[in-house]
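Residue-level structural notes
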Amino acid sequence: MLDHKEILDLRSKHLGPSLSVSYDEPLHIVRGEGQYLFDAKGNRYLDCVNNIQHVGHCHPKVIEAAQQQYKKLNTNTRYLDETIVNYAKDITSTLPDGLEVCFFANSGSEANDLALRLVRQFTGDKATIVLDGAYHGNLFSLIEISPYKHNGPGGNGSPNFVYTLPMPDSFRGKYRGEDCGEKYAQEVQSAINEIQKKGEKVSTFIAEALMGCGGQLILPKGFLKKAFDLVRAAGGVCIADEIQIGFGRVGSHFWGFETHGVVPDIVTMGKSMGNGHPLSAVVTTREIADSFNNGMEYFNSFGGNPVSCAVGQAVLDVIKEEGLQENALEVGSYLLNQLKNLQNQHDLFGEVRGRGLFIGIELVKDELVPAASEAQTIVNQMKDKGLLLSTDGPDHNVIKIKPPLVFNKKNADELVKKIDETMSE
Ligand SMILES: Cc1ncc(COP(=O)(O)O)c(C=O)c1O
């Protein structure tokens, strides 16, 4: 087996230099099980951040489903196959009525790129409204609509068809406090006015109901509903990006957008959908799907293949059988309360927020100055104590907590105890 240094050397020699590696002293992880990861020396880590391994690392039922299907058949979607239709039916049954047509792909980026193609075909327009700080994927088309990337290091800003709203951050944003949702919604109307003044039409508004890379941000009450209404009144289509937050993570609901009482026209999903297997989807209405049926086939060599669908089906089944959405609600609420209790003891804890097992701790100094290097230090020290976390947000000062949904109360207690210790140190 290659040692730590040999892997690092080969990595720098043969892998693209723009790939990052987690932690000041990188980990050599060799095995995963449930909510735990193990390094080459046999040390165990509690994984508090891998939202992709949704039902737990190496879940036996998911592996078994993949193995069984691999033994039987793996082809593209041009043959009749029951795996894909059953899975499509089950996915749509988790969504509000009307969201009934699936397109399968292999990554969140592919799903969002396809969603953009659908809306541009359906509306005949390109003007796209996005939230500042948002990330929607690594393809060219998605860097264009991801301020997190195009306004970050190495970025070239947004193209002229992208209209960026201020990040609806009630803690440190342009408008603050409980009732700022309405004010942020007025920014949607301003963007629409700007688009129309140029003689263009609104094509789409894309948003996550809880922002992931934006720093575990919960959109203020009323914002999304009003934003959807305004965009639709202007002829646009609303896309909910559920790639980071979907599949029961928010606990109270299966999908993040449901927490805002809205029904999108298109939902994109990925990441946790395959528990680490590359699988994603776009789900939309019959009307939008039909408008895309213009003679040009949508073909995807791997998207929706029988193995991927068998894996996706197993993930859905495990979420139900093991009551993982309910667990996210129970353990997530418990953890959130415990972390909120720490808020009075640690000045750096600016805001503790979250829903289900999607929680963020925003660290700030006096006058709400973001405490990015402190957040980084804490994450590194927590790693040394056997707990894996990460930071995010436009200022990289938010500690992210989004573990596999098998995370339990004992794990929550350990996290709270160790973070309390580390903060005190
Ligand atoms: C909200 C959101 N959308 C899209 C993507 C892109 O997904 P992928 O990395 O699978 O292409 C991500 C990935 O982090 C994401 O968080």
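Residues numbered from 1 in each chain as written. Predicted model: local features only at pLDDT ≥ 70, side-chain atom pairs only at ≥ 80, totals over all residues. Heavy atoms only, no water.

Around the ligand sit 13 residues in total, of which Gly-108, Ser-109, Asp-241, Gln-244 and Lys-271 are the nearest. Take Gly-108: an N or O atom from its main chain is 2.9 Å from an oxygen atom of the ligand. Between the ligand and the protein, one listed contact pairs an oxygen atom with a side-chain N or O atom of Lys-271 at 2.8 Å. Protein burial of the ligand: of its 390 Å² of free accessible surface, 86% is covered by the chains. Looking at which element gives the most residues to the shell around the ligand, the answer is helix α4 (residues 108-123), with three residues. Here the residues of the shell around the ligand are counted per class, giving two nonpolar, eight polar and three charged. (Near = heavy atom within 4 Å. Polar contact = N/O pair within 3.5 Å; in protein donor to acceptor, adjacent residues only side chain to side chain. Areas by Shrake-Rupley, 256 points an atom, 1.4 Å probe, with all protein chains shown as cover. Helix = DSSP H or I, 4+ residues; strand = E, 2+ residues; numbered from the N terminus. Nonpolar A, V, L, I, M, F, W, Y, C, P; charged D, E, K, R; others polar.)

For the rest of this paragraph, the subject is the domain arrangement of the chain. One can read the domain layout of the chain as domain 1 (4-55 + 323-424) and domain 2 (60-321). For domain 1 and domain 2, the distance between their C-alpha centres works out to 25 Å. Carbon and sulfur atoms supply 56% of the area buried between domain 1 and domain 2, which totals about 3,000 Å² over both sides. Its largest share of buried area at the contact with domain 2, domain 1 owes to Gln-325, Arg-355 and Phe-358, together 24% of the area lost on that side. The tally of links between domain 1 and domain 2 comes to two salt bridges. (Domains from an automatic or database assignment. Buried area = accessible area lost by both parts, 1.4 Å probe. Salt bridge = Lys/Arg side-chain N within 4 Å of Asp/Glu carboxyl O.)

Let's shift gears to the pairing of strand β11 (residues 266-269). Burial of the side chains of β11 extends over both faces: Ile-266 and Thr-268 are buried on one face and Val-267 and Met-269 on the other. Note that strand β10 (residues 237-241) and β11 share three bridges and pair parallel. Bridging across to β11, Ile-239 finds its partner in Ile-266. Relative to strand β12 (residues 280-284), β11 is paired through four bridges, and the arrangement is antiparallel. Within the sheet, the bridge partner assigned to Thr-268 lies in β12 and is Val-282. (Buried < 20%, exposed > 50% of the residue type's maximum accessible area, 1.4 Å probe, protein only. Pairing = 2+ DSSP bridges.)

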